[in-house]
Amino acid sequence: MDSPVTAGRLRNTSVVVATLDSSEVYIIVSLSSRTDTQAVYIDPTSGALVHDKKLGYDVFHTQDEALNYITDDSKLVCKTILYAKAILGYVVLGSTALLLVATKLDASIPYLPGGGCVYTVSESKWIKILLQNPQQQGKGEVKSIQELTELEIDGKHYFCETRDITRPFPSRFSLQNPDDEFVWNGWLSFAFRRIGLEQHCVILLQGFANYRTFGSLGQQEGNVALIARRSRLHPGTRYLARGLNSCYSTGNEIECEQLVWVPKRSGENVPFNVYIWRRGTIPMWWGAELKMTAAEAAIYVSDRDPYKGSARYYQRLTKRYDTRKNKTGLVPIVCVNLLRIGEGKSENILVQHFEESLNHIRSTGQLPDTRIHLIHYDWHTSVRLKGEQQTIEGLWYHLKAPTISIGISEGDYQHSRMHMDDCEGEKIYNDDISGFFCLRALQNGVIRYNCADSLDRTNAASYFGALQVFTEQCRRLGILLDNDAVYDHNTRKQSFSDKSWKRFDMTFEEFKRSTVLSPVCHLAELFLISGDIHATLYTGSKAMHSHILSIFSDEAAKAKQFSVAQNMKINLQRRYNNAVTDSSRHKQLEMFLGLRLFKHLPSVSIQPLHVLSRRFSFLLKPIASIDQHPDDGDSLLSFKQKNLIWISQQAADIIQLFIYLGEPCHVCQLLLTTSHGADDSTYPSTVDVRTGRDLDVLKLVLEGASIPRCPNGTNIMIPIPGAISDEDMNLKTRASLHAPQTNPSFLYDFEGVEGEMDFLTRVVVLTFYPAESTSSPVTLGEVEILGISLPWRDIFASEGPGLKLWERVTTSNNNNTNSFPSKTGSNPDVFGLTNDVLPPAKCDTSRNPQVDLLSGEDINSRSDSQPMTEISLLDPSLDTCHDRKEDNGSQRVSVHDKTPTKTSAQHYISCFEILTALDNRLGFAEAMKLEIERLRLNLSTAERDKALSSIGINPARVNPNIIIEESDINSLCKAANTLAMLGQTSLEDKITGCIGLDPLDDKNDMDFWNINRIGEGCCGESCQIHAEPLTLTLTSTSISSPESTFICSGCKRRVCRVCCAGKGAMLLRNNTGGSSNNDADGVICKLCCQDSILDALTLDYVRVLISQLRNSQAEAVAFKAFAQVVGKNYGKKESFNKYEANKALDLLLRDDEESLAEFPFGSYLHSIESASGSAPPLSLLASLDSGLQQSYWRAPASTSCVELVIVLGNLSDVSGVVLLVSPCGYSISDAPNVQIWTSNNIHKEERSCVGKWDVRSLITSSPELCGPEKSDKEGQTPRHIRFDFRNTVRCRLIWVKLSIQKVVTSSVSFGKDFNLLSFDEDPLSGLGRRASIGGTSETDPCVHAKRILVVGCPVRADIGRSFQHASSVKNWLEKAPLLNRYKVPVDSEKLIDNDLVLEQSISPSSPLSAGFRLDGFSAIKPQLTHSPYSDVNPLDASSYVFEHRFISPAVLHIQVSALQGLPEEMVVVAEYRIPEVKGGTATYFDFPKAISSKKMYFRLVGDVNGFADDPEDGGDTGRPLAAGLCLLNRIKLYYYAHPSDLGRWASLSGI
Ligand SMILES: [Zn+2]
Ligand SMILES: [Zn+2]
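Please read these numbers as outputs of a predicted model, since none were measured by experiment.

## Remarks on unusual backbone geometry
- The amide bond that connects F1159 to the next residue, P1160, takes the cis arrangement and shows omega of 5 degrees.
- With respect to the element layout, P1160 can be found in the loop between β39 (1154-1155) and β40 (1163-1164).
- The peptide bond linking L1462 to P1463 adopts the cis configuration, its omega dihedral lying at -5 degrees.
- Residues other than glycine seldom take positive phi values, yet N1010 does so here, at roughly 50 degrees.
- Inspection of the secondary structure assignment puts N1010 in the loop between α24 (966-993) and β33 (1016-1017).
- For D1152, which is not glycine, the phi torsion reads 65 degrees and is therefore positive.
- Structurally, the position occupied by D1152 is in the loop between α27 (1138-1148) and β39.

## Let's talk about the coordination of the zinc ion (ligand 2)
- Only C1048 (SG), C1051 (SG), C1085 (SG) and C1088 (SG) from the protein reach the zinc ion (ligand 2) as donors, at distances of 2.2 to 2.3 Å.
- Each donor residue of the zinc ion (ligand 2) belongs to the same chain, and together they define the spacing C-x2-C-x33-C-x2-C.

## A look at the pattern of salt bridges
- As enumerated under the stated definition, the model contains 56 salt bridges in all.
- A salt bridge links R167 to D164; its shortest N-O distance comes to 2.7 Å.
- Exposure remark for R167: the relative accessible area of 15% places this residue in the buried category.
- Put simply, E1464 and K1494 hold a salt bridge, and the shortest N to O gap is 3.5 Å. A residue pair is termed long-range when its members are at least 10 positions apart, and E1464 in the loop between β52 (1452-1460) and β53 (1465-1474) and K1494 in the loop between β54 (1482-1491) and β55 (1495-1502) qualify at 30 residues.
- Residue class for K1494 comes out partly exposed when judged on its relative accessible area of 44%.
- Taken together, the shared-partner salt bridges connect D179, E181, R229, E253, E255, E257, R278, R320 and R448 into one network.

## Overview of helix α26 (residues 1091-1126)
- Given a rise of 1.5 Å per residue, 36 residues ought to cover 52 Å, and the 52 Å separating the end C-alpha atoms of α26 matches this to within 8%.
- Across the 36 residues that make up α26, a large majority, 33, are buried.
- A positive backbone phi angle near 100 degrees is found at G1127, which sits one or two residues after α26.

## Here's the deal with helix α11 (residues 517-539)
- Its 23 residues give α11 an end-to-end C-alpha distance of 32 Å, which sits within 8% of 33 Å, the value for a rise of 1.5 Å per residue.
- Remark: G540 follows α11 within two positions and exhibits a positive phi of approximately 85 degrees.

## Here's the deal with the nonpolar core
- Formed by 106 residues in total, the largest nonpolar core has its most connected members in Y314, W379, Y463, F464, L467, F470 and F552.
- Ranked by residue count, the leading element in this core is helix α7 (residues 456-476), at 9 residues.
- Beyond its immediate stretch of four places on either side in the chain, Y314 contacts P283, I333, C335, F354, L358, I361, L367 and I372.
- With 105 residues, the next largest nonpolar core counts A976, I1093, V1104 and I1106 among its residues.

## Description of the state of the cysteines
- Under the counting rule described, the total for this entry stands at 1 disulfide.
- Note on cysteine connectivity: C423 is disulfide-linked to C438, with sulfurs 2.2 Å apart. Disulfide C423 to C438: torsion about the S-S bond roughly 90 degrees, handedness right-handed. Residue C423 is located in the loop between β19 (409-414) and β20 (426-428), and its partner C438 is located in strand β21 (residues 436-441); the two are separated by 15 residues in the primary sequence.

## Re the sheet that holds strand β51 (residues 1409-1415)
- Spatially, β48-β56-β51-β54 is the arrangement adopted by the 4 strands of the open sheet, whose pairing is antiparallel. Only two strands of the sheet have a single partner each, and these edge strands are β48 (1380-1383) and β54. On average, adjacent strands in this sheet sit at an angle of 35 degrees to one another, irrespective of strand direction.
- The sheet contact formed by β48 and strand β56 (residues 1531-1537) spans 4 bridges and is antiparallel.

## Points about the packing of aromatic side chains
- As enumerated under the stated definition, the model contains 40 aromatic pairs in all.
- Among the aromatic residues, ring-to-ring pairing joins Y275, W277, Y377, W379, W396, Y463, F464, F508, F511, F527 and F552 into one connected group.
- For the cation-ring pair, R944 lies above F750, with the distance from its terminal atom to the ring centre recorded as 3.6 Å.
- A cation sits over an aromatic face here: R1247 above W1237, 3.8 Å from the ring centre.

## Details of the sheet that holds β55
- Spatially, β49-β50-β55-β52-β53 is the arrangement adopted by the 5 strands of the open sheet, whose pairing is antiparallel. At either margin of the open sheet sits one strand with a lone partner, and together these are β49 (1388-1392) and β53. Neighbour-to-neighbour, the strand axes of the sheet open up by a mean angle of 20 degrees, direction not taken into account.
- Note that β49 and strand β50 (residues 1397-1401) share 5 bridges and pair antiparallel. Looking at the pairing, S1388 lines up with S1401 of β50.

## Notes on the environment of P622
- Here P622 shows up in the loop between β24 (618-619) and β25 (646-647).
- A relative accessible area of 40% means that P622 is categorised as partly exposed.
- Separated by 620 residues in the primary sequence, P622 and I1242 have C-alpha atoms spaced 9.5 Å apart.

## Description of the coordination of the zinc ion (ligand 1)
- At the metal site, the zinc ion (ligand 1) is ligated by C1018 (SG), C1023 (SG), C1056 (SG) and C1059 (SG), and these contacts range over 2.2 to 2.3 Å.
- Bound by 4 donor atoms, the zinc ion (ligand 1) shows angles of 104 to 115 degrees at the metal and therefore tetrahedral coordination geometry.
- With relative accessibility at 2%, the residue C1023 sits in the buried group.

## Side note on the packing of helix α21 (residues 924-936) against α26
- α26 packs onto α21 with a crossing angle of 20 degrees between their chain directions and a minimal axis gap of 10 Å. In terms of axis orientation, α21 runs roughly parallel to α26. Judged by the sense of rotation from one axis to the other, the crossing of α21 with α26 is left-handed. Contacts between α21 and α26 pair F924, M928, I932, L935 and R936 from the former with D1095, T1098, L1099, Y1101, V1102, L1105, I1106 and L1109 from the latter.
- Along the lines of polarity and charge, the residues of the contact of α21 with α26 split into 10 nonpolar, 1 polar and 2 charged.

## As for the side chain of Q137
- Inspection of the secondary structure assignment puts Q137 in the loop between β9 (118-130) and α2 (139-148).
- For Q137, a relative accessible area of 11% translates into the label buried.
- Here L93 takes part through its backbone oxygen, which lies 3.1 Å from a polar atom of the side chain of Q137.
- In terms of polar contacts, Q137 uses its side chain to reach the side chain of S95, at 2.8 Å.
- The contact partners of Q137, leaving out residues within four places of it in the chain, are L93, G94, S95, T96, V142, I145, S603, V604 and I1420.

## Quick notes on the confidence of the model for the protein
- When the pLDDT values of the protein are averaged, the result is 82; 82% of them are 70 or greater.
- Confidence over residues 485-496 falls short of pLDDT 50; this stretch has 6 contacts with residues more than four positions distant or in other chains.
- Every residue in residues 733-738 scores below 50 in pLDDT, and together they form 12 contacts with partners more than four places removed in sequence or on other chains.

## Concerning the pairing of strand β2 (residues 25-30)
- Most of β2 sits inside the fold, with 6 of its 6 residues counted as buried.
- Every second residue of β2 is oriented toward a common face, with V25, I27 and V29 on one face and Y26, I28 and S30 on the other, all of them buried.
- Here 6 bridges tie strand β1 (residues 14-20) to β2, and the two strands are oriented antiparallel to one another. The partner of A18 across the bridge, within β2, is Y26.
- Relative to strand β3 (residues 37-42), β2 is paired through 5 bridges, and the arrangement is antiparallel. Counted as the bridge partner of Y26 is Y41 from β3.
- Linkage of β2 to β3, two consecutive antiparallel strands, is achieved through a turn of 6 residues.

What counts as what
- Residues numbered from 1 in each chain as written.
- Chains lettered and ligands numbered in written order.
- Predicted model: local features only at pLDDT ≥ 70, side-chain atom pairs only at ≥ 80, totals over all residues.
- Heavy atoms only, no water.
- Helix = DSSP H or I, 4+ residues; strand = E, 2+ residues; numbered from the N terminus.
- Donors = N, O, S within 2.8 Å, 3.2 Å for Na, K, Ca; no water.
- Salt bridge = Lys/Arg side-chain N within 4 Å of Asp/Glu carboxyl O.
- Buried < 20%, exposed > 50% of the residue type's maximum accessible area, 1.4 Å probe, protein only.
- Expected span 1.5 Å × (residues − 1).
- Core = buried A, V, L, I, M, F, W, Y, C linked by side-chain atoms within 4.5 Å.
- Contact = heavy atoms within 4.5 Å.
- Disulfide = S-S within 2.5 Å.
- Pairing = 2+ DSSP bridges.
- Axes fitted to C-alpha atoms, helices over the stretch in contact; angles between N-to-C directions.
- Phe/Tyr/Trp six-rings, centres within 6.5 Å; stacked < 30°, edge-to-face > 60°.
- Lys NZ or Arg CZ within 6 Å of the ring centre and 35° of its normal.
- Tetrahedral: all angles 85-135°; square planar, octahedral: opposite > 155°, others 65-115°.
- Parallel < 35°, antiparallel > 145°, perpendicular 65-115°, else oblique.
- Left-handed = near helix turned anticlockwise from the far one by under 90°.
- Nonpolar A, V, L, I, M, F, W, Y, C, P; charged D, E, K, R; others polar.
- Polar contact = N/O pair within 3.5 Å; in protein donor to acceptor, adjacent residues only side chain to side chain.
- pLDDT = per-residue confidence, 0-100.

Below is the structure:
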């Protein structure tokens, strides 16, 4: 579908953002590089971009066609329509989505040599879309989002739609492969890349790009373009981003490019040349402190390791500007330092250190290929002493040699690739250009200018340097800049005028006299504007001292006068900006780049959930409403009916919705929109949720979840955990889960029960229960199911995140390893004998235990007799596909699947015994160690509790949450949270720092936590610390190997690995010490490290292990889902590529037909049994190119009849069914009878038969269907049988019954079929059977097929129209309730028990309480809960991560108790699972019955540690509980009464 047009663009890119009346937003894009138009839908709940690349649905021929479609031929009204020229970014930030578009563009370089226009964004607009979900966002977050939208874009950003301009011209790379150092919207453009529309969001650069055309006396015209790209590696403003950062880049770092070419008519070759230089602050650690009193800021150089990373900086430059032939010689980097040198000058310290830093680098020999040369040229002093002209001359003198030696790149663009071989030099071509570039000369190395800020002096000096090159560039292109006068009056010597670089030798006056000045002034103009832009971006004000750039123009004198006043003004402005807005602008830049989001937007999800109940989902069973509504309840799933009030026909005990999701997913949330009339009691009060892959196995995942009464239209989010296995449930008697004495887990979830996951969930059944008190009809509003779906389309297309998952699967499959936490402990022989104390992240994969990815089981631990070869993967007992029943019960793939190996539990017990051997009481540190051991052993909490109970130990005894001193909880949590932030910061920097560089080898680095295992001790002699002596006697003790010793940066003593604190300790120590931030290297011994820091590391490590375990479980489930769709050898993707698959599909489909049941949209209603070794049933519906070519699906041999109930992806007009024949072909014995029915719902009796076919009779006439497939079938139509319907049938479900006649006596011998049957999937079992006696079940004919395609046209779903209830219904809705809620007066209330309990005292005269009102909490759920455990950034949008907040959601309950009876005792009245609503929303919970009590207790239970305060409103509350969860003033008791009974008091105490 992609049709890049390389030349002769017919249209400009056009973007239309249409907002419908329903608040739904569509982005309609017609790219200049394509001829069609795409419509992208923004999901109004999740903000996810939705685009399926389907012609007629979201791909159109024209923009008007697209607009017509989304407005249903203008029947729907557009609230607003915004026209734009380009998309610059899109991002979802919690409940806000931001779309950044350019509304006005300036074609600042209209036509580069070889084509391509550079546009500068002259006007942009942020479109804010408020999403309809109740995600809580803090005030600080809202403010941060607002600040992001205030970032200056206009005039300072540019892009090219067709060419890569992030690299020196001409780029060797294609547009879609830019250099990340100069891409500013990488994060913002990710949403478009994720949906496969990478070209729809441009690649945005920051800085300046413009050009000028100039004439010359030689009549040859020339073009000069100046492109200045700002590096994004050290973003920020003047006083915050100076010198180096930990990404090895400097503040205000810019690459400049001066491109000169001769304009030519199209079809002619274009000669050009290009010169590159660099500017930036000095590459070492330094800064400046602003003092309000002093005129100048005080400059300081970091006292610790100020040159750390300097070498890496020059390495990056070397890599970029290295064009050496055969890599011989050196790459020159010439630094022109323009600082003041004189004694007493504040800049002098920088000059000295600059020099010292280069000596340091030279001494380390880290840059073998680079020659760094430093030129000092004190610009200001020279101007003051010698004047401007001599200063310029002096500069030229210094620059001459380096400029000439570095040279320029030159060549030409040739229109046709016909004569490529004639080109002498480097040839550059790619898909973005039609011809090619021939480069005859290349610039090698670079000149780098700096002053203090890399602003004013730098801009001036680099102009005069570039000016010399410019005149040379013109000369080489035959553009004569030599002034007539000089040319004529001298002796007309050609030799003089042709001398290269001749102007370097001229004085200023000579230069001025001999040169045509108008081109020079044009160039100066470009530098002036560019200088102002960079100055503004860095300091918020224009450049100073720039009058010198006009020195060649007539108005030079005037400019100078004006300049003095101007400089004064700018200086003041800069001071102001620095003091007031710098930090805010710094934050803006970070957010724009997607950095430090965990700080600026702590609750925002990187990968929001998808709404899977919208679009293609439908209700399997119609539910009848009171209205004569035609859609049988389907409107409950449609956003267009957001304001709908659906009303049941009569009072009902339950209302059940059978929802078939549009795509398979793991279900995470239920989102309800409260909907009722004047009486809010008609909305249901509780809901049960069941989920399953099909109708056959539905698991109860949520029972009796409370739905409070809420104002109409309130969004209520109910988190859905995974199903808890019966085993886990039984292991833990969780009936008393929230007994009042339960201690809160402030540190981490000690009890954590992990739910099962299933990414193939398709059916969700909601059972709503009305409140017992009502007997009226039930009302419902919109219902949404949110979940995580795997990127199936990407997976099949091997693109984007899907490709990443593929790679993950493939490598894991091949290596038989994965990144599970080290499970060596499960093997008793390994325990205590190895030095393998590395945490999982740093583990050498080869040392990891072998893990079967299909089952997630540790192969080592499974069976000792099983050899660890690939064969074990093919063991039929591991087959994930053949046995549905077994499979359904074992979704979870951890050790939880199997009965826990005795060894793990025993191990745990022996650890417990070791730790309690000396002192029976377990301390906090020991308890944490024990938990770490448990997690490393992969023992679930339930298994732990069981193991402990078996030796008569109460699990509470080992619970660190209880053991810890209460007074320590807060500081420990805080330290651990800080550590998490520092760890994430350091990872982000590490990743950014790698841009443009080879990754550092940090194998010998200290690990982040360095938590020792139980029994591990100091190595002895070579260690001077002995922090961990070998007091514990274990049969086999682990000793750290002596060779790995470090030097403690505290006490400077030698220390072994065991006695070191983890690397995180240095981060935390530096952070609290407030020292400079470049000292993350080095280690510290445990004696020098505070205990609180060590504890924080331990806590963080526990959190990391829990998260890692969950992640590996989720990953294993994802891999398993793969296996169940494409077969288990999914890792070996065959060469049958997408292109061929599309072609094959085209051959199978007739005009206008589509494949309607293709996975993931199509699926089954019921489970299907397969033979052992068969391809999975879902493979029948998978795309043609997935799975192995030779594999196919087979029914069990005992089955002679199979009924497949296929659910189509959409309501469709079906014209037939195509069956792709298995590679083995059909024979008379296994050719099936085929019968097909269609229907719109699951009631079998309502289906209608559309035909019956006998394939046996067919194969006699079509012998090609028989026997094994010939291998050379490329380009041919795949073997298939088409069952045409007489007329098209509109339906959603298709029954396909395949039946064969069983031969009673089997006398079939092994034939070719047999070999094929067993060829691919199951060679081992095949071999086995071959050896066994003939006539086994395998030789029986069975039902089999390769693929089933349902073909026809999808029908467009009816777009919901506004709908009116009948007047009687309206009246019923508007009827006020009989009773209203009134406030029960409360005497006093106070918080007790860690602020988790609210005690209310009620005066005895008060009325009975009927329930309580709870105002929505204002705490947020932070995204970052622990430090990262691998080099993959978990907060990077492009990585495929499973967010634990969704998989194991934090859920709060509120438990209400009352003082009752005689003698008085506390009685639990009720417990409610609290759904999430927006902060402050009033929610009303009725008690089971009205109660009277003088004291009421409201206790918050559940995952309180999953919540935190927004940094903006939180601060240090001195308590572990988030202030936003505080119950004070949040709860009000109420009673029901008739308004007239209360008289005038009614209005006062209404609630
Ligand atoms: Zn030691
Ligand atoms: Zn020390």
